[in-house]
Amino acid sequence: MKFASTKKAVVVREYQLDIGNVQVFDDYMVATFDEGATVTLERTYQIIGISEIHFRDKDFGYISLRKNSYAVDPTVYNYLRGMQNLIAFAIVSKKEIDMHNFKIEKLFYKKNMEFFIEFDNALAWVKKRLKSSKKRSKI
């Protein structure tokens, strides 16, 4: 018999940016951007700022929930790659074009980044990466 978790994820804070929405949870954040938006370096700094407010001294994960089609300036990954406490980067989409884009984005990011079709699988992967990073930091 399988039991569902009774612990619901609680949104710590929600931010409405000009390109979409960012929800912050205990140890991860979820971004959903608007149709036709462009994620530029300037807009990435907003997201980095949010992560510094909530995760300044702790590891965290980032989930990009790609419900809409939007563009990402690949140079943003040079800056994200420098964030030592960003442990897991997940992209969630059912669209084939996003899978192709992911392969290109991964070339720029060069750290723990995975593509998922289901949000729950992405969240489980992020939590697993965070758990193993906590074990390593205790050693």
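Scroll up for the structure.
Trainee: What is the right way to look at helix α3 (residues 96-109) in this model?
Mentor: Residues three or four positions apart in an α-helix share a direction because the helix packs 3.6 residues into each turn. For α3, built from 14 residues, the straight-helix expectation of 20 Å at 1.5 Å per residue is met to within 8% by its first-to-last C-alpha distance of 20 Å. Among the structural elements, α2 (76-81), β7 (86-92) and β8 (113-116) are those in contact with the buried residues of α3. Phi for Lys110, located one or two positions after α3, is positive at around 65°.

Trainee: Please clarify how the environment of Asp26 should be interpreted in this entry.
Mentor: Relative to the helices and strands, Asp26 resides in the loop between β2 (20-24) and β3 (28-33). Among the residues examined, Asp26 registers a relative accessible area of 54% and is labelled exposed. Spatially, the C-alpha atoms of Asp26 and Phe60 are 8.5 Å apart, while their sequence positions differ by 34 residues. With residues near it in sequence (within four places) discarded, Asp26 still touches Val12, Phe55 and Lys58.

Trainee: Help me out: how do you make sense of the packing of aromatic side chains in this one?
Mentor: Each pair of aromatic rings is reported with the distance of its centres and the angle of its planes. Across all of its chains, the model carries 10 aromatic pairs by this definition. Between Phe116 and Trp125, the ring centres sit 5.7 Å apart and the planes meet at 45°, which makes this aromatic pair tilted. Comparing Phe116 with Trp125, the two get one shared label, buried. Every member of this aromatic cluster is reached through a ring pair, and the members are Tyr62, Tyr77, Phe89 and Tyr109.

Trainee: Help me out: how do you make sense of helix α1 (residues 41-55) in this one?
Mentor: In this model, α1 (15 residues) spans 20 Å end to end at C-alpha, consistent with the 21 Å of a helix rising 1.5 Å per residue. Those residues of α1 that fall on the buried side of the exposure criterion are Thr44, Ile47, Ile48, Ile50, Ser51 and Phe55. Within α1, the buried residues cover an arc of 155° as seen down the axis, which keeps them to one side. Opposite its buried face, α1 presents the exposed residues Glu42 and Ile53, each directed more than 90 degrees away. Residues of α1 that are buried in the fold lie against β1 (13-17), β2, β3, β4 (38-39), β5 (60-65) and α2.

Reading guide: rules and limits
Every chain is numbered independently, its residues counted from 1 as its sequence is written. Where local features are concerned, this predicted model is filtered to residues with pLDDT of at least 70; where side-chain atom pairs are given and counted, the filter is 80 or more; whole-chain, interface and lining totals use all residues. With hydrogens and water excluded, all non-hydrogen atoms of the structure serve as input to the side-chain values. A run of DSSP states H or I qualifies as a helix once it reaches four residues; a run of E qualifies as a strand once it reaches two. Both are numbered from the N-terminal end. Expected helix span is computed as 1.5 Å times (number of residues minus one). The contact criterion used is simple: two residues touch if any of their non-hydrogen atoms lie within 4.5 Å. Each residue is assigned to one of three classes by its accessible area relative to the maximum for its type, calculated with a 1.4 Å probe on protein chains only: buried under 20%, partly exposed between the two thresholds, exposed over 50%. In this analysis, rings of Phe, Tyr and Trp, with Trp reduced to its six-membered ring, are considered paired at centre separations within 6.5 Å, and the interplanar angle assigns stacked below 30 degrees, edge-to-face beyond 60, and tilted for intermediate values. Arc definition: it is the arc formed by the directions from the helix axis to the C-beta atoms.

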